[in-house]
Amino acid sequence: MEATTNTWPVVDLLRPYVGDVVVSNPIKTKAIAEAKVKTDKVGAETLARLLRADYLPSVWQQEAATALR
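Below: a short report on this structure. By convention here, each chain's residues receive numbers from 1 onward along its written sequence. It should be noted that, the model being predicted, local features are given only for residues of pLDDT at least 70 and side-chain atom pairs only at 80 or more, the latter also being counted only at that level, while totals for whole chains, interfaces and linings use all residues. Side-chain descriptors were evaluated using all non-hydrogen atoms of the structure, hydrogens and water having been removed beforehand.

**As for helix H3 (residues 40–52)**
Using the following cut-off: Each helix is a run of DSSP H or I of at least 4 residues and each strand a run of E of at least 2, with the numbering of both proceeding from the N terminus. Multiply 1.5 Å by the residue count of a helix minus one, and that product is the helix's expected span. Relative accessibility under 20% of the residue-type maximum defines a buried residue, over 50% an exposed one, and the middle range a partly exposed one, all with a 1.4 Å probe and only protein chains included. Note that the arc is defined by the directions from the helix axis to the C-beta atoms.
Compared with the 18 Å implied by 1.5 Å per residue over 13 residues, the 18 Å span of H3 between its first and last C-alpha is a close match. If you check which residues of H3 are buried, you get Gly 43, Leu 47 and Leu 50. Taken end-on, H3 shows its buried residues confined to a sector of 65°, consistent with a single buried face. Pointing more than 90 degrees away from the buried face of H3 are the exposed residues Lys 41 and Arg 52. One or two positions beyond H3, positive phi appears at Asp 54, with a value near 60°.

**With respect to the side chain of Asn 25**
Stated formally: In what follows, residue pairs with any heavy atoms lying within 4.5 Å of each other are defined as contacts.
Looking at where Asn 25 falls in the secondary structure, it is placed in the loop between helix H1 (7–14) and helix H2 (30–33). Beyond its immediate chain neighbours, meaning those up to four positions away, Asn 25 contacts Pro 57, Ser 58 and Val 59.

Here you go:
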């Protein structure tokens, strides 16, 4: 998923159901920004391909155990 305003509440909801959640840096993810067709389906597929190739620029995520409550 790309980092946006509501990213972290969504990440918190997804974490119990998946092995790992990767949040990409949208400024560095130019492949999506330069795409001619911009739909959620195309964007999700592009992010998945970049992640599979280990070429997805991700952002740092604080571990749940160290988060301030």
